[in-house]
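Close look at the chain arrangement
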Amino acid sequence: MTRPSATPDKTKSRPAGTAAPARISVRGLTMAYGSFVVMKDLEFDIAERDIFVIMGGSGCGKSTLLRHLIGLHEPAAGEVFFDGENFTATPPDRREKFIRRFGVMYQSGALWSSLTLAENVGLPLEEFTTLNARQRRELVNYKLALVGLSGYEDYYPSQVSGGMNKRAGIARAMAMDPDILFLDEPGAGLDPLSSRRLDDLILRLRDSLGSTVVIVTHELASIFAIATNAVFLDTDTRRQGAVGPPDELRQRADNPAVRLFLNRGEEVPSD
Amino acid sequence: MSRSNDPPILEWTREGDCPVLVVSGTWNRTGPVCEIRGEAPDQPPARYRCDDLGEFDSTLPATMLALIRQTTGGAAAGRPKPESKSKPDPDEDAAGVTLDGLPDDLRGLMELALGVAERSDAKSPVARRRSLGQFLGQTSQRVGAALLGVIEFVGLSVQSLGRLLVGRARFRRADLWLTIQECGVQALPIVSLISFLIGVILAFVGGYQLAGFGAEIFVADLVGIAMVREMGVVMTGIIMSGRTGAAFAAHIGSMKANEEIDALRTFGLNPFDFLVLPRLLALVLMMPLLTVYANLVGILGGMLVGVASGIPAVLYWQQTLTAIDLTTASLGVFKSVFFGAAIAICGCMQGMKAASSSAGVGQATTRAVVASITMVIVLDSAFAAIFTVLDI
Ligand SMILES: Nc1ncnc2c1ncn2[C@@H]1O[C@H](COP(=O)(O)OP(=O)(O)O)[C@@H](O)[C@H]1O
Ligand SMILES: [Mg+2]
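Residues numbered from 1 in each chain as written. Chains lettered and ligands numbered in written order. Predicted model: local features only at pLDDT ≥ 70, side-chain atom pairs only at ≥ 80, totals over all residues. Heavy atoms only, no water.

**Regarding the overall build of chain B**
Put simply, the rule reads: Secondary structure counts use DSSP, requiring at least four H or I residues in a row for a helix and at least two E residues in a row for a strand, with both numbered from the N terminus. The buried label goes to any residue with under 20% of its type's maximum accessible area, the exposed label to any with over 50%, and the partly exposed label to all in between, with areas taken from a 1.4 Å probe on protein chains only. In what follows, residue pairs with any heavy atoms lying within 4.5 Å of each other are defined as contacts.
When you go through chain B residue by residue, the secondary structure sums to eleven helices and five strands. Residue burial in chain B is summarised as follows: out of 392 residues, 41% are buried. Sequence-distant contacts, at least 24 apart, represent 78% of the contacts inside chain B between residues at least 6 apart.

Written out as structure tokens, the structure reads:
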């Protein structure tokens, strides 16, 4: 579907197969906390219906990148485009039309702690739709059922486990049937079966709703199972290591750090 | 072989041109402190000699890591360079640092410790020492920034109120009701207790002085006027600062630490409208009611003392009514609206600014209480000056 890795110094073209404007384009993005530069010169595209994985060692800036994509941080340099529209140049108070299309699950879950799981999922529906209470309740129950949390509607976030918090966070992210779903380490803290179910869920959502999914994860099993495309953030150089489908990157990435990562540290001879 | 109670020693020697580190003794965290002999070279050791090394715990690798970092200026180590296609040289594990001559267990630990380079620019800048000049400069910058922050926050609050008036502010009505209960009804017990005691104190102190002139009945004037002009509203303000301002800061601060505020943003919900507005409204609505209540309870406390010292209750009450006209009575209530706004803004602002950690929430709570009590007193002095000029 796409051609092998494109490291930033070699070529800056978008992956093949995206003739239409990419759903998300990142151009020359530099991210920093004050004077501490986290990543420089990120440059990649995320096509519609992609399941795009942001991967890299822990602490390399994956969450930071996600927060830049959804506008919670302003880039130190560079831009983010959605469907060819410049998101970065849009002043924060006029970003609502972009943001309405996002669903975000945060690394910590970030459920509103004073609301029950059902109220968490229902709040956006209450604020932004004209559904009546019964319809809302049904939708909420359905979304919670999708993530395997039926029966926990009236629990508070502090009363369920970390993994359940994450799943509820995913249900909330899906509440408004977003075009683009951002998930920060959705699999972390889940048992293998729930993790598998989650992969399934993400694939089905993409297929049935046509959503684009951007996931931060370093679970290799799930990367190879669902990702159509990926970017690797290299801690050592603070640049992107490679962009492309993970299967190809594993075999043919020019950057050995990428191959090491995708082979759990075991070097395979590159061909 | 090693003997078991030798003191721990690290000694620098040279073999030809190469620095060598001799490691010996028993390393135990409850034992003696290690001794470092010889002059440290400016390059990491080329090999180690461990002939007299006894048992060791983490103190040995910790000391060695510190030494190696010193000799390389902190730049030591890093994993094998990514370009190197060949297997890394087993004796040269960590970018120029050899671990030759170490026993296997120690070597394993050192390889781990040196495996990932220290990220020097990631160090927190706070740790650096500052000169007095820098300190003053930074402090004045911070004060300036804080003032700007307050002005911005007040501006945002006004905008938010504007959106409320045109019906475009989104927040949960349930939140507003909860907050109204929380800072209204639930505050009654403590407000009752404090105002009652304040009334009693005023009556005691005043009554004693006035008795000297045979003018005991004027205790009613003193207590009444003091309560409705100053004490009722100021005490309520201070109570609400400690109670509600702190709660606002802690709640919003922990929401921030938990990314809950970001979650609001990415749903297109304005955290300001959603969190600050209901709290501001609730406190601005409840403060006047609490103040009226506090005034009444305070007067009651005074009356109790008056009655105890022989003034008939009816007489005391009538004296109070003649002392307080409508203008006087409304002054405190008028001020309470501003105090309520100030307390809500201080609490919410500290919460929104809190550092994203549990320590940050604690700090924010403290700051909120200090700031709102200060604001109550400062505003009260300002009102006192204004009312004097206006002659009310
Ligand atoms: N609020 C912050 N202030 C300063 N540095 C931060 C902050 N948040 C994260 N960092 C730093 O940015 C880097 C990337 O963090 P993050 O994006 O959370 O990593 P991860 O890839 O594990 O999600 C880390 O080195 C971290 O120390
Ligand atoms: Mg992260």
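There is more to say, and it comes next.
**Examining the packing of aromatic side chains**
Residues and elements named next belong to chain A. This is how it is decided: Two rings belonging to Phe, Tyr or Trp (six-membered ring only in the last case) form a pair when the distance between their centres is within 6.5 Å. Interplanar angles under 30 degrees mark stacking, angles over 60 mark edge-to-face geometry, and anything in between is tilted. In this analysis the charged atom, NZ for Lys or CZ for Arg, is taken to sit over a ring once it is within 6 Å of the ring centre and within 35 degrees of the ring normal.
Summed over all chains, the structure comprises 15 aromatic pairs over all chains. Between the aromatic rings of Phe82 and Phe102, the centroid separation amounts to 5.0 Å while the plane-to-plane angle is 45°, which identifies the pairing as tilted. On the criterion of sequence distance, the pair formed by Phe82 in strand β4 (residues 77–82) and Phe102 in strand β6 (residues 102–105) is long-range, its members being 20 residues apart. The burial state of Phe82 is the same as that of Phe102; both residues are buried. On the numbers, 5.1 Å between centres and 65° between planes, the contact of Phe232 with Phe261 is edge-to-face. Of this pair, Phe232 sits in strand β9 (residues 229–234) while Phe261 sits in helix α9 (residues 256–262); the two residues are 29 residues apart in sequence, bridging distant segments of the chain. Members of the aromatic cluster, each reached through a chain of ring pairs, are Phe82, Phe87, Phe98, Phe102 and Phe182. In this structure, Arg250 is placed above the aromatic ring of Phe224, and the distance from its NZ or CZ to the ring centre is 4.1 Å.

**Brief notes about the interface of chain B and chain A**
By convention, interface size is frequently given as the accessible area that disappears when the constituent parts associate. Selection criterion: By convention, the term buried area covers the 1.4 Å-probe accessible surface removed from two parts as they join, with the contributions of both added. Basic side-chain nitrogens of Lys or Arg form a salt bridge, by our definition, when they fall within 4 Å of a carboxyl oxygen of Asp or Glu. N or O atoms within 3.5 Å of each other form a polar contact, as long as, within protein, one can give a hydrogen and the other can take it, and as long as residues adjacent in sequence are counted only when both atoms are side-chain atoms. Under the grouping applied here, Gly and all other residues not named as nonpolar or charged are polar, the nonpolar ones being Ala, Val, Leu, Ile, Met, Phe, Trp, Tyr, Cys and Pro and the charged ones Asp, Glu, Lys and Arg.
The partner chain A presents 35 residues to the 23 residues of chain B that form the contact. Roughly 2,500 Å² of surface becomes buried between chain B and chain A when both sides are summed, with 52% attributable to carbon and sulfur atoms. Across the chain B-chain A interface, the total number found is three salt bridges. Note that Asp262 of chain B is salt-bridged to Arg67 of chain A, the shortest N-O span being 2.9 Å. At the junction of chain B and chain A, the tally comes to nine residue pairs in polar contact (both at pLDDT 80 or more). Looking at the side of chain B that touches chain A, the elements that each hand over two or more residues are α6 (219–257) and α7 (260–266) of chain B. Residues belonging to the side of chain B that touches chain A are distributed by class as follows: nine nonpolar, four polar and ten charged.

**Quick notes on the coordination of the magnesium ion (ligand 2)**
As a reminder, the rule being used: Only N, O and S atoms count as donors, using a 2.8 Å limit from the metal and a wider 3.2 Å limit for Na, K and Ca, and since water is excluded some coordination spheres may look unfilled.
Within the protein, the atoms that donate to the magnesium ion (ligand 2) are Ser63 of chain A (OG) and Gln107 of chain A (OE1), at distances of 2.0 to 2.2 Å. Of the two residues, Ser63 of chain A sits in helix α1 (residues 62–69) while Gln107 of chain A sits in the loop between β6 and α3 (117–128), which places them 44 residues apart along the sequence.

**Some points on a nonpolar patch on the surface**
For clarity, the cut-off: Within this analysis, patches are made of residues with over 30% relative accessible area and no salt bridge. Like charges are joined at 9 Å or less; nonpolar side chains (Val, Leu, Ile, Met, Phe, Trp, Tyr) at 5 Å or less. What sets the accessible areas is the Shrake-Rupley method with a 1.4 Å probe; for residues, cover comes only from the shown protein chains.
A surface patch of nonpolar side chains, amounting to about 560 Å² of accessible area, comprises Ile190, Leu193, Leu197, Ile201, Phe204 and Val205 of chain B. Residue placement: Leu197 of chain B occurs in helix α5 (residues 188–211).

**A look at the sheet that holds strand β10 (residues 239–244) of chain A**
Backbone-to-backbone hydrogen bonds join strands into a sheet, with any given pair of strands oriented parallel or antiparallel. All names here are of chain A. Selection rule: A pair of strands is labelled paired if DSSP reports no fewer than 2 bridges between them. The axes used here are C-alpha line fits, helices contributing only the stretch in contact, and every angle between their N-to-C directions lies in the interval 0 to 180 degrees.
One open sheet holds the six strands; their spatial order is β6-β7-β8-β3-β9-β10, and the pairing between them is mixed. Two strands bound the open sheet, and with one partner strand each, they are β6 and β10. Averaged over neighbouring strand pairs, the angle between their axes works out to 15° when direction is ignored. Sheet topology note: the β6/strand β7 (residues 180–184) ladder contains four bridges and is parallel. Each bridged residue has a counterpart across the sheet, and for Met105 the counterpart in β7 is Leu183. Docked against the sheet, α1 engages β3 (51–56), β6, β7, β8 (212–216) and β9, running at close to 140° with respect to β3. Across the face of the sheet, helix α5 (residues 162–173) comes into contact with β6 and β7 while running at roughly 175° to β6.

**Points about the pairing of β7 of chain A**
Residue and element names in this part refer to chain A. Keep this limit in mind: Handedness of a crossover is defined as follows: with both strands directed away from the viewer, a clockwise route from the first strand across the helix to the second makes it right-handed.
By the criterion of burial, β7 is predominantly enclosed, with five of the five residues buried. What you see with β7 is no split at all: Ile180, Phe182 and Asp184 on one side and Leu181 and Leu183 on the other are buried throughout. Pairing of β7 with β8 involves five bridges; the strand directions are parallel. Among the inter-strand pairings, Asp184 is bridged to a residue of β8, identified as Val216. Between the parallel pair β7 and β8, the chain is carried across by helix α6 (residues 192–209), and the sense of this crossover is right-handed.

**Focus on the pattern of salt bridges**
Summed over the entire model, instances satisfying the criterion amount to 27 salt bridges over all chains. Notably, a salt bridge pairs Glu127 of chain A with Arg170 of chain B, separated by 3.9 Å at the nearest N-O pair. Here Arg170 of chain B lies in the loop between α3 (132–165) and α4 (173–183) and Glu127 of chain A lies in helix α3, a pairing that spans two chains. Given the relative accessible area of 13%, Glu127 of chain A is considered buried. Among the residues examined, Arg170 of chain B registers a relative accessible area of 32% and is labelled partly exposed.

**Here's the deal with the site of ligand 1**
All names here are of chain A. Stated formally: The criterion for a residue being near a molecule or strand is simple. One of its heavy atoms has to lie within 4 Å of it.
Taken together, the neighbourhood of ligand 1 is formed by Tyr33, Phe36, Val38, Ser58, Gly59, Cys60, Gly61, Lys62, Ser63 and Thr64. Note that an oxygen atom of ligand 1 is positioned 2.8 Å from one of the backbone N or O atoms of Gly59. Within the backbone of Cys60, one N or O atom sits 3.3 Å away from an oxygen atom of ligand 1. Coverage of ligand 1 by the protein chains reaches 59% of its 560 Å² of free accessible surface. Among the secondary structure elements, those contributing two or more residues to the shell around ligand 1 are β2 (36–46) and α1. Counting residues per element, the shell around ligand 1 draws most heavily on α1, at three residues.

**A few points about the pairing of β10 of chain A**
Residues and elements named next belong to chain A. Along β10, five of the six residues are buried, which leaves the element largely enclosed by surrounding structure. Pairing between β9 and β10: five bridges, direction antiparallel. Looking across to β10, one finds that Leu233 is bridged to Gln240. Counted between consecutive antiparallel strands, the loop separating β9 from β10 contains four residues, among which Arg238 sits at a positive phi close to 55°.

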